Amino acid sequence: MADIEKRTFDFAVRIVNLKDYLLKHTNEYDISSQILRSGTSIGANVAEAQQAQSQADFLTKMNIALKENSETKYWLRLLKATGKLTEREVESILAECVEIEKTLYAIVRTTKNNLQK
């Protein structure tokens, strides 16, 4: 589990830096504040899941992280589509978002399967 904690923390750092870049270079306040909330919430929920009181509680937190990840992916795609970021600027962080999504989905699926046993 430590890998997903580190990945989501490192991703949150990138999101904070992205927000700063957007404010400085594009004066984009609305989307930058949205992506800051969703992009940092992923790791916060993963961290909180580590202290879950039950498997069901763990699953709830990981599901929230997965949803926040999906929202973050949406904002990244929107930034690219509106020309606020170029393909080159968004490709690396979007790729990491997709990889985190795959990992979170696998964790959620495995946890659900374990709860059903």
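Structure: see above.
Residues numbered from 1 in each chain as written. Predicted model: local features only at pLDDT ≥ 70, side-chain atom pairs only at ≥ 80, totals over all residues. Heavy atoms only, no water.

1. Things to note about the overall build of the protein chain
(1) Moving on: In terms of helices and strands, the protein chain carries four helices and zero strands.
(2) Moving on: Traced from its N-terminal end to its C-terminal end, the protein chain shows the element sequence α-α-α-α.
(3) Moving on: Since a compact globule built from 117 residues should have a radius of gyration of about 13 Å, the 15 Å found for the protein chain is in line with a globular shape.
(4) Moving on: Of all 117 residues assigned to the protein chain, the portion counted as buried reaches 39%. (Helix = DSSP H or I, 4+ residues; strand = E, 2+ residues; numbered from the N terminus. Rg over C-alpha atoms; globule rule 2.2 N^0.38 Å. Buried < 20%, exposed > 50% of the residue type's maximum accessible area, 1.4 Å probe, protein only.)

2. What to know about the nonpolar core
(1) Moving on: In this structure, Leu18, Met62, Leu76 and Leu104 are the most contacted members of the largest nonpolar core, which totals 27 residues.
(2) Moving on: Those elements that provide at least two residues to this core are helix H1 (2-26), helix H2 (30-49), helix H3 (55-81) and helix H4 (87-116).
(3) Moving on: The contacts of Leu18, once residues within four sequence positions are left out, are Ile35, Leu76, Leu79, Leu85 and Ile93. (Core = buried A, V, L, I, M, F, W, Y, C linked by side-chain atoms within 4.5 Å. Contact = heavy atoms within 4.5 Å.)

3. Let's talk about the packing of H3 against H4
(1) Moving on: Where H3 contacts H4, the two axes come as close as 9 Å, and the packing angle between them is 160 degrees. It follows from the interaxial angle that H3 and H4 lie roughly antiparallel. Like other packed secondary-structure pairs, H3 and H4 cross with a definite hand, here left-handed. (Axes fitted to C-alpha atoms, helices over the stretch in contact; angles between N-to-C directions. Parallel < 35°, antiparallel > 145°, perpendicular 65-115°, else oblique. Left-handed = near helix turned anticlockwise from the far one by under 90°.)

4. Observations concerning H1
(1) Moving on: Helix length check: H1, at 25 residues, gives a terminal C-alpha distance of 35 Å against a target of 36 Å (1.5 Å per residue), a fit within 8%.
(2) Moving on: When H1 is considered as a whole, its buried residues turn out to be Ile4, Thr8, Phe11, Ala12, Ile15, Leu18, Lys19 and Leu22.
(3) Moving on: Of the surrounding secondary structure, the elements contacted by the buried residues of H1 are H2, H3 and H4.
(4) Moving on: Where H1 terminates, the next one or two residues include Asn27, which has phi positive at roughly 55 degrees. (Expected span 1.5 Å × (residues − 1).)

5. Topic: the pattern of salt bridges
(1) Moving on: Tallied over the entire structure, the rule returns eight salt bridges.
(2) Moving on: A salt bridge links Glu28 to Lys84; the nearest nitrogen and oxygen atoms lie 3.9 Å apart. Taken together, the residues Glu28 in the loop between H1 and H2 and Lys84 in the loop between H3 and H4 connect sequence positions 56 residues apart.
(3) Moving on: A relative accessible area of 29% means that Lys84 is categorised as partly exposed.
(4) Moving on: Measuring nitrogen to oxygen at the nearest pair gives 3.2 Å for the salt bridge that ties Lys102 to Glu99. Of the two residues, Lys102 and Glu99 are both situated in helix H4; the distance of three residues between them amounts to about one turn of the helix. (Salt bridge = Lys/Arg side-chain N within 4 Å of Asp/Glu carboxyl O.)

6. A closer look at the side chain of Thr72
(1) Moving on: Along the polypeptide, Thr72 turns up in helix H3.
(2) Moving on: By relative accessible area, Thr72 is classed as buried at 0%.
(3) Moving on: Reaching out from Thr72, the side chain makes a polar contact with the side chain of Ser38 at a distance of 2.8 Å.
(4) Moving on: Discounting residues that sit within four places of it in the chain, Thr72 has contacts with Phe11, Ile15, Ile35, Ser38, Gly39, Ile42 and Cys97. (Polar contact = N/O pair within 3.5 Å; in protein donor to acceptor, adjacent residues only side chain to side chain.)

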